[in-house]
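Chain by chain, the residues run as shown.
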There are 2 protein chains.
Amino acid sequence: MKSEPIIGVVGGMGPYAGLDLVSKIFGETVAATDQEHLPVALLSYGHRIPDRTAYVLGRVPDNPGTAIADVLVALESLGATVAGMPCNSAHMPPIFDALTRRLRAGGHSIRLLHLIGETIRYVRDALPGIRKVGPLSTLGSFRLGLYEKAIRAAGFKPIMPSVAVQTDLVDRAIYDPSFGIKAHSAPVTARATAMVLESMEHLRQRGAEAIILGCTELPLAVEVPSGGTVIDPARALARALIRETYPGKLRPL
Amino acid sequence: MKSEPIIGVVGGMGPYAGLDLVSKIFGETVAATDQEHLPVALLSYGHRIPDRTAYVLGRVPDNPGTAIADVLVALESLGATVAGMPCNSAHMPPIFDALTRRLRAGGHSIRLLHLIGETIRYVRDALPGIRKVGPLSTLGSFRLGLYEKAIRAAGFKPIMPSVAVQTDLVDRAIYDPSFGIKAHSAPVTARATAMVLESMEHLRQRGAEAIILGCTELPLAVEVPSGGTVIDPARALARALIRETYPGKLRPL
C-alpha cells in the first residue's frame with residue numbers, strides 16, 4: 001500500500017462516538033469528491049476494552065489502557081501516524097499514562113493526540129474573551145477533575161456541576177440501561193436529551209460562558225452548532241487530526 | 001491481539017456511505033453496552049480508489065478493483081474474516097470480477113459478501129408476496145443492468161426508470177458538484193432529496209411495489225423506515241455481515 005499518512009481512530013468507546021469522530025473528520029475536510037477525502041482507519045473493538053469509568057472507580061480490574069495500546073499498534077501497522085480516541089474517560093491519567101507507557105516501551109511512534117488538550121486549545125482559538133468554562137462528563141472524569149484541572153491550567157475558571165446533577169442527571173443520561181445514550185443512541189431517547197439540556201442549564205446558571213460536552217456520548221443527545229459556546233470535543237479533535245496530517249485540507253473556522 | 005472474527009468494511013466509496021454501513025451494523029446488533037458490540041474495522045481510503053462509474057464508462061483508466069483488493073488484504077491482516085463494501089457500483093462485474101480474481105491469485109481467504117445479492121435476499125425474506133421491484137442507481141449500474149439482471153434472476157420483475165429520469169434526476173442528485181449528495185451529505189441538500197423522492201414516485205407510477213435505493217448515497221437523502229417497501233441495501237448488507245460472523249447477535253426483523 002502507498003505510504004501517505006493515515007488518520008487513526010480508536011473506536012468502540014462507545015461505538016457511535018467512534019463514528020461521530022470520523023464523520024467530523026470528513027465534515028471538517030475541504031473535499032467535494034470521494035477521492036479528495038482523507039484516509040481514515042477506524043478500529044471499533046469495544047468488546048476488548050473494559051469500561052473506563054468502571055476501572056477508575058475500582059469496579060473492574062483490567063486497565064483499559066492495555067487494550068487501547070494494542071489497538072493503536074494495529075493502527076500503526078496500517079500506516080497511521082497520528083490517532084485520536086473519542087472517549088474523554090480514556091484520557092484519565094491512570095488509563096492514559098498506562099497506555100502511553102506501553103506504547104513507548106514497545107518503541108511505537110504513532111502519535112496519540114490528547115482529546116482534552118485539543119478541546120481547551122479549541123476554546124482558546126475559537127472563543128476569545130471567554131473566561132468561565134463548564135464541563136459535563138462521566139462520574140469518573142468528574143471525580144478525577146479531568147476537565148477541571150485542564151481548564152484551570154489553561155487560565156480559565158472551571159464551573160463544575162453539583163454532585164447531585166452529576167449523579168442524577170449526567171451519569172444517568174449516559175449510562176442508564178433503559179434510556180441512557182450508551183444503550184439507546186440511534187436515536188437518543190427524549191428523556192436522556194432532556195437530562196443533558198437540564199445539566200447544561202445548571203452550568204449556565206452557575207456562570208458558565210462556554211460548556212464543554214466532555215463525554216463523547218453527550219453531543220449525540222443535543223444539537224451543537226459549530227462556532228457556538230457549546231463545545232463538542234470530537235469536533236476539536238477532528239480538526240486537530242487534520243491539522244497534524246493534512247493542514248491544507250482543514251476547513252476554515 | 002485476540003483471534004475473534006472481525007467484520008471488515010471497505011469505506012470511502014463514498015466516505016459517509018462507509019460510516020452509514022458501520023452505523024447499521026451497530027444498529028442491527030443486540031447490544032446494550034460498549035463491550036457487547038461487535039468488532040468492526042473500517043478502512044476509508046477513498047483517495048486511492050478511482051470513481052467506479054467513471055471507470056465503467058471509460059473516463060478513467062485504472063480499475064478500482066485493484067485498490068479495493070488491497071484494502072481487503074489490509075482488512076484481512078487485521079483479522080477480518082468477512083467484509084462488505086457499501087458501494088453498489090463497485091459490484092459491477094468489470095470491477096467486482098477483477099478484485100475477486102486479485103484476491104484469489106494472492107491466496108487470500110477473506111470473504112467479501114455481495115451487496116446486490118444480499119439485498120435481493122433481504123427483499124425475498126422480509127417482503128414475501130412482492131413481485132415488481134424497482135431499483136435506483138448510478139448511470140454506470142443502470143447501463144450495466146446491475147440490479148435489473150439480479151432482480152430478474154431472482155424471479156422478480158424489474159421496474160426501471162426512464163433514461164431521462166436516470167440522467168436528469170438520479171445521477172444529478174448523486175453527483176452534481178453544487179447540490180449532489182457526494183459533495184453535500186451532512187446535511188443532504190433539499191434539492192437532492194426532492195430529486196430522489198421524485199425518482200421514487202416515478203418508479204411507483206411504473207408499477208414498482210418495492211424500491212431499492214441501489215446507490216449507497218441515496219438512503220442518506222430520504223428516511224428509510226425498517227420493514228417498509230423502500231429497501232436500503234446497506235441495511236441488508238449490515239444484517240448479512242452479522243449473520244455470517246455472530247448470528248446470535250442479530251436483531252430480529
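Residues numbered from 1 in each chain as written. Chains lettered and ligands numbered in written order. Predicted model: local features only at pLDDT ≥ 70, side-chain atom pairs only at ≥ 80, totals over all residues. Heavy atoms only, no water.

Topic: the overall build of chain A
Next up, step 1: Looking only at helices and strands, chain A has 10 helices and 8 strands in total.
Next up, step 2: Its C-alpha atoms give chain A a radius of gyration of 17 Å, within 12% of the compact-globule value 18 Å for 253 residues.
Next up, step 3: Within the span of chain A, comprising 253 residues, buried residues form 60% of the whole.
Next up, step 4: Within chain A, contacts between residues separated by at least 24 positions form 75% of all contacts whose residues are at least 6 apart in sequence.
Next up, step 5: Taken together, the 27 basic and 23 acidic charged side chains of chain A have centroids lying 5 Å from each other. (Helix = DSSP H or I, 4+ residues; strand = E, 2+ residues; numbered from the N terminus. Rg over C-alpha atoms; globule rule 2.2 N^0.38 Å. Buried < 20%, exposed > 50% of the residue type's maximum accessible area, 1.4 Å probe, protein only. Contact = heavy atoms within 4.5 Å. Lys, Arg positive; Asp, Glu negative; His and termini not counted. Charge placed at Lys NZ, Arg CZ, Asp CG, Glu CD.)

Brief notes about the pairing of strand S1 (residues 6–11) of chain B
Residues and elements named next belong to chain B.
Next up, step 1: For S1, the tally of buried residues reaches 6 of 6 residues, placing the bulk of the element in the interior.
Next up, step 2: Side chains Ile6, Gly8 and Val10 of S1 all project onto a buried face; the interleaved residues Ile7, Val9 and Gly11 project onto the opposite face, where all are buried too.
Next up, step 3: Note: S1 against strand S3 (residues 80–84), 4 bridges, orientation parallel. Bridge pairing in S3 places isoleucine 7 opposite valine 82.
Next up, step 4: As defined by bridge partners, S1 adjoins strand S2 (residues 40–44) across 5 bridges and the pair is classed as parallel. Considered in S2, the bridge of isoleucine 7 is made with valine 40.
Next up, step 5: The handedness of the S1 to S2 crossover, carried by helix H1 (residues 15–27), is right-handed. (Pairing = 2+ DSSP bridges. Right-handed = clockwise from strand over helix to strand, strands pointing away.)

A look at the sheet that holds strand S5 (residues 132–136) of chain A
The strands making up a sheet are joined through hydrogen bonds of the backbone, oriented either antiparallel or parallel.
All names here are of chain A.
Next up, step 1: Taken in spatial order, the 4 strands of this open sheet run S6-S5-S7-S8, and their pairing is parallel. In the strand order of this sheet, the two ends are held by strand S6 (157–158) and strand S8 (230–231), each with one partner.
Next up, step 2: Pairing geometry for S5 and S6, over 2 bridges, is parallel. In the sheet register, valine 133 faces S6, and the bridge partner there is proline 158.

A closer look at the pattern of salt bridges
Next up, step 1: For the structure on display, the rule yields 30 salt bridges over all chains.
Next up, step 2: For the salt bridge of Glu148(A) with Arg152(A), the shortest nitrogen-to-oxygen distance reads 3.7 Å. Here Glu148(A) pairs with Arg152(A), and both are found in helix H7 (residues 146–153), just 4 residues apart, close to one helical turn.
Next up, step 3: Here Glu244(B) ties to Arg243(B) by a salt bridge, and the two come within 3.1 Å at their closest N and O atoms.
Next up, step 4: A residue is classified by how much of its surface remains accessible, and Arg243(B), at 23% relative accessible area, is partly exposed.
Next up, step 5: Connected via shared salt-bridge partners are Asp34(A), Arg52(B), Lys182(B) and Glu217(B). (Salt bridge = Lys/Arg side-chain N within 4 Å of Asp/Glu carboxyl O.)

With respect to the domain arrangement of chain A
All names here are of chain A.
Next up, step 1: Domain assignment breaks chain A into domain 1 (6–114 + 235–249) and domain 2 (116–233).
Next up, step 2: Look at where the C-alpha atoms of domain 1 and domain 2 centre, and you get two points 20 Å apart.
Next up, step 3: Counting residues at the interface gives 27 residues for domain 1, matched by 27 residues for domain 2.
Next up, step 4: One can count 2 salt bridges joining domain 1 with domain 2.
Next up, step 5: For the pair domain 1 and domain 2, the number of links is 19 residue pairs in polar contact (both at pLDDT 80 or more).
Next up, step 6: Those elements giving two or more residues to the side of domain 1 that touches domain 2 turn out to be helix H1 (15–27), helix H2 (52–56), helix H4 (93–105) and helix H10 (233–243). (Domains from an automatic or database assignment. Polar contact = N/O pair within 3.5 Å; in protein donor to acceptor, adjacent residues only side chain to side chain.)

Some points on the relation of the copies chain A and chain B
Next up, step 1: Least-squares fitting of chain A to chain B yields an RMSD of 0.0 Å, with the superposition described by an axial translation of 0.0 Å and a rotation of 180°. Look at the turn and shift together and you get a two-fold axis relating the two. For chain A, the smallest separation between a C-alpha atom and the rotation axis is recorded for Leu42(A), amounting to 2.5 Å.
Next up, step 2: With an isologous cut-off of 70% or more, the 100% of interface residues of chain A that recur at the interface of chain B puts this contact in the isologous class. (Least-squares fit on C-alpha atoms with pLDDT ≥ 70 in both.)

Let's talk about the side chain of Thr29(B)
Next up, step 1: With respect to the helices, strands and loops of the structure, Thr29(B) is situated in the loop between H1 and S2.
Next up, step 2: Not counting the four nearest positions on each side in its chain, Thr29(B) is found in contact with Glu36(B), His37(B), Leu38(B), Ile242(B), Lys249(B) and Arg251(B).

A look at the sheet that holds strand S7 (residues 210–213) of chain B
Next up, step 1: As summarised here, the arrangement of the 4 strands in space is S6-S5-S7-S8 (chain B), forming an open sheet in which the pairing is parallel. At either margin of the open sheet sits one strand with a lone partner, and together these are strand S6 (157–158) and strand S8 (230–231) of chain B.

So, unusual backbone geometry
Next up, step 1: In this structure, the amide linkage connecting Met13(A) to the following residue, Gly14(A), adopts the cis form with an omega of -15°.
Next up, step 2: By secondary structure assignment, the location of Gly14(A) is in the loop between strand S1 (6–11) and H1.

Description of the nonpolar core
Next up, step 1: One finds Ile68(A), Leu72(A), Leu75(A), Ile68(B), Leu72(B) and Leu75(B) to be the most contacted residues of the largest nonpolar core, which totals 125 residues.
Next up, step 2: Leaving out residues up to four positions away in the same chain, Leu75(A) has contacts with Gly8(A), Val9(A), Val10(A), Ala41(A), Leu43(A), Ala80(A), Ala83(A) and Ile110(A). (Core = buried A, V, L, I, M, F, W, Y, C linked by side-chain atoms within 4.5 Å.)

Concerning helix H5 (residues 115–126) of chain B
Residues and elements named next belong to chain B.
Next up, step 1: With 12 residues, H5 extends 16 Å from end C-alpha to end C-alpha; this agrees with the ideal 16 Å at 1.5 Å per step.
Next up, step 2: When H5 is considered as a whole, its buried residues turn out to be Leu115, Ile116, Glu118, Thr119, Ile120, Tyr122 and Val123.
Next up, step 3: Lining the buried residues of H5 we find strand S5 (132–136), helix H7 (146–153), S7, S8 and helix H10 (233–243). (Expected span 1.5 Å × (residues − 1).)

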